[in-house]
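Chain residues, written in single-letter form:
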Amino acid sequence: MAGFVPPPPPPAPPAPPKPDEKVDYFDLPCPIPYEEIHREALMSLKPELFEGMRFDFTKGLNQKFSLSHSVFMGPTEIPSQSSETIKIPTAHYEFGANFIDPKLMLFGRILTDGRLNARVKCDLTENLTLKANAQLTSEPHMSHGMVNFDYKGGDYRTQLQLGNGALFGASYIQSVTPYLSLGGEVFWAGQHRKSGIGYAARYNTDKMVATGQVASTGMVALSYVQKVSEKVSLASDFMYNYMSRDVTASFGYDYILRQCRLRGKIDSNGCTAAFLEERLNMGLNFILSAEIDHRKKDYKFGFGLTVGE
Amino acid sequence: MAGGSSNSKSNSGLLSRISNSISGSGIMFHGKRAASDAAYVTKKLLQSTGKAAWIAGTTFVILVVPLIIEMDREQQLNDLDLQQKNKQATLLGTTPPSRSQLIHCSGEQLG
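Just so you know, these numbers come straight off a predicted model, no measurement behind them. (Residues numbered from 1 in each chain as written. Chains lettered and ligands numbered in written order. Predicted model: local features only at pLDDT ≥ 70, side-chain atom pairs only at ≥ 80, totals over all residues. Heavy atoms only, no water.)

J.: What is the right way to look at the interface of chain B and chain A in this model?
T.: How big an interface is tends to be expressed through the accessible area that disappears when the partners come together. Contacts between chain B and chain A engage 18 residues on the former and 24 residues on the latter. A combined buried area of about 1,800 Å² lies between chain B and chain A, and 63% of that area is made up of carbon and sulfur atoms. Its largest share of buried area at the contact with chain A, chain B owes to Ile62(B), Leu63(B) and Glu70(B), together 30% of the area lost on that side. Scanning the region where chain B abuts chain A turns up 4 salt bridges. Between Asp81(B) and Arg258(A) there is a salt bridge, and its shortest N-O distance comes to 3.0 Å. Our count for the contact surface shared by chain B and chain A stands at 6 residue pairs in polar contact (both at pLDDT 80 or more). (Contact = heavy atoms within 4.5 Å. Buried area = accessible area lost by both parts, 1.4 Å probe. Salt bridge = Lys/Arg side-chain N within 4 Å of Asp/Glu carboxyl O. Polar contact = N/O pair within 3.5 Å; in protein donor to acceptor, adjacent residues only side chain to side chain.)

Rendered as structure tokens:
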């Protein structure tokens, strides 16, 4: 009937408090891989800042196969001994092809200056994964490649790493409680005759992630990420090198809104950066990147466009 | 005449004596030094305030201004959604939903 007005829905009853579950130590969740232990902090605090103009075009030929074309023009920094930064304007075009399958992923990129990047990720069995990546350059002795074998157990992960130049590495991470996971790694670099051992811990709840990592190379890294709401998260990071007495602390925010993603950070080295990805249209993203270093008076601004999914 | 000249001589002598006593005294010397110190400190203060204002200003432009712009756009988008939901509800003949229900709905859609 026209005049019938449905009654407004009753307010939802408050959710009953979760009873304290007894922790089943034989059924813990699988931990994050060791190299991704700082993942949330890195995503918020270290966006891919660039200087110059960047244009990426990705075209899918198939459900699994896609090609990508990318143009970059801008100054590139050359590492120099003196405190001044030396920038050389460069421009290059990069062609790439991706093949993505649930079990196999292949990824290749080639640049106009002769560099080739290739990555392979293959699920050999349900628990064992093979990852390989290689970078070939026309300069002698600058090419390198690396192979990783990852094994995923019930509540642990192990990884074995082999690289050229006699690089060996192994890491292990285990879930100790539903929220806490601990891990360690060892590596040996034959070419530089260096070896090291490191430990890491990660405490993860729905709202926050806290990680800590210590390595015998002298690095201590702590990070804390708090998810303030669905759209906003704040991150902070502290890095200390006890060999070279180098300290860096940084704070950042990450806003994921419907039309854009904005990340900003400020550093104790007097460096502030911001990175904005804005969705202009379906499949069209506009990128702005800014980095200001007040101490070295080095200012980097970049803009770009990404077309394709 | 002699008295006048002696008077003028003693007058000029008196004035020069007074000015000499003032400029040659310790007070004048300290006053000048204090004034130059104050000028130096003021100049340094202005310079460092200028530098601090520059750093604060550029950092504000980079960190805060895009955030304000994006949050404003998000707010506009939300208001547009609210308007559309209102219009839809009145078209269908139901009462327009209350604001808290709308926010709950849009929250569900986004989440």
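J.: So what exactly am I meant to see when it comes to the pattern of salt bridges here?
T.: Pairing between side chains of opposite charge can happen when their charged atoms approach one another. Residues and elements named next belong to chain A. Across all of its chains, the model carries 22 salt bridges over all chains by this definition. Lys64 serves as the salt-bridge partner of Asp101, at 2.8 Å between the closest nitrogen and oxygen. Linking Asp101 in the loop between strand S3 (86-100) and strand S4 (104-111) with Lys64 in the loop between strand S1 (52-60) and strand S2 (65-78), this pair joins segments that are 37 residues apart in sequence. On the accessibility criterion, Asp101 (22% relative accessible area) is partly exposed. (Helix = DSSP H or I, 4+ residues; strand = E, 2+ residues; numbered from the N terminus. Buried < 20%, exposed > 50% of the residue type's maximum accessible area, 1.4 Å probe, protein only.)

J.: Sorry if this is basic, but what is going on with unusual backbone geometry here?
T.: Residue and element names in this part refer to chain A. One non-glycine residue, Arg245, lies in positive phi territory at about 55°. Turning to its location among the elements, Arg245 is positioned in the loop between strand S14 (232-241) and strand S15 (246-256). Here Lys297, not a glycine, exhibits a phi torsion of approximately 55°, which is positive. You can see Lys297 is positioned in the loop between strand S18 (284-293) and strand S19 (298-307). The exposed category is assigned to Lys297, whose relative accessible area is 58%.

J.: Would you explain the UniProt feature "transmembrane region" (unreviewed entry) in chain B in this entry?
T.: Annotation from UniProt places "transmembrane region" (unreviewed entry) at residues 52-69 of chain B. Measuring from the first to the last C-alpha atom of residues 52-69 of chain B gives 25 Å, for a span that is 94% helix and 0% strand. (UniProt positions renumbered as here; feature names shortened; annotations may be inferred.)

J.: Just to check I follow, could you spell out the environment of Val232(A) for this structure?
T.: Residue and element names in this part refer to chain A. Looking at the secondary structure, you find Val232 in strand S14. Val232 sits 31 residues away from Arg263 along the chain, and the two C-alpha atoms are 9.9 Å apart. The contacts of Val232, once residues within four sequence positions are left out, are Lys227, Asp254 and Tyr255.

J.: Would you mind going over the environment of Phe95(A) with me for this structure?
T.: Residues and elements named next belong to chain A. As for its position among the elements, Phe95 is in strand S3. Taking relative accessible area as the criterion, Phe95 reaches 32% and is therefore assigned partly exposed. Separated by 38 residues in sequence, Phe95 and Phe57 have C-alpha atoms that sit 9.8 Å apart. With sequence-adjacent residues up to four places away left out, Phe95 is seen in contact with Leu67, Ser68, His69, Gly108, Arg109 and Ile110.

J.: Any chance you could explain the confidence of the model for chain B here in plain terms?
T.: A low pLDDT score tells you not to read the predicted coordinates there in detail. With 74% of its residues at a pLDDT of at least 70, chain B reaches an overall mean of 80. At the level of chain-chain contacts, confidence expressed as ipTM amounts to 0.76, with global pTM at 0.78. (pLDDT = per-residue confidence, 0-100.)

J.: What exactly am I supposed to notice about the packing of helix H2 (residues 26-63) of chain B against helix H3 (residues 65-92) of chain B here?
T.: Packed helices, taken two at a time, are described by their axes: the angle between them and the distance between them. All names here are of chain B. Their axes nearest at 4 Å, the elements H2 and H3 cross at an angle of 30°. By the angle class used here, H2 and H3 are roughly parallel. Contacts between H2 and H3 involve Phe60, Val61, Ile62 and Leu63 from the former and Val65, Pro66 and Leu67 from the latter. Grouping the amino acids of the contact of H2 with H3 by side-chain chemistry returns 7 nonpolar, no polar and no charged. (Axes fitted to C-alpha atoms, helices over the stretch in contact; angles between N-to-C directions. Parallel < 35°, antiparallel > 145°, perpendicular 65-115°, else oblique. Nonpolar A, V, L, I, M, F, W, Y, C, P; charged D, E, K, R; others polar.)

J.: Where do I start with the pairing of strand S7 (residues 144-152) of chain A in this structure?
T.: On any regular strand, side chains alternate: one points to one face of the sheet, the next to the other face. Residues and elements named next belong to chain A. Pairing of strand S6 (residues 128-136) with S7 involves 8 bridges; the strand directions are antiparallel. Bridged to Leu128 within S7 is Tyr151. Of the pairings in the sheet, the one linking S7 to strand S8 (residues 156-163) comprises 7 bridges and is antiparallel in character. Residue pairing for S8: Tyr151 is matched across the bridge by Thr158. Counting the residues between successive antiparallel strands, the hairpin from S7 to S8 contains 3 residues. (Pairing = 2+ DSSP bridges.)

J.: Help me understand the packing of aromatic side chains, please; the structure alone is not making it clear to me.
T.: The description of two aromatic rings rests on the distance between their centres and on the angle between their planes. Residue and element names in this part refer to chain A. For the structure on display, the rule yields 5 aromatic pairs over all chains. Ring geometry for Phe168 and Trp188: centres 6.2 Å apart, planes at 15°, overall stacked. Remark: Trp188 occurs in strand S10 (residues 180-189) and Phe168 occurs in strand S9 (residues 167-175); sequence separation between them is 20 residues. Residue classification places Trp188 among the partly exposed residues on the basis of a relative accessible area of 39%. Geometrically, the ring pair formed by Tyr253 and Tyr255 is edge-to-face, given 5.7 Å between the ring centres and 85° between the ring planes. Classification of Tyr253 as buried rests on a relative accessible area of 12%. Cluster of aromatic residues (ring-pair linked, three or more members): Tyr151, Tyr156 and Tyr172. The cationic tip of Arg54 hangs over the ring face of Phe50; the distance from NZ or CZ to the ring centre is 4.9 Å. (Phe/Tyr/Trp six-rings, centres within 6.5 Å; stacked < 30°, edge-to-face > 60°. Lys NZ or Arg CZ within 6 Å of the ring centre and 35° of its normal.)

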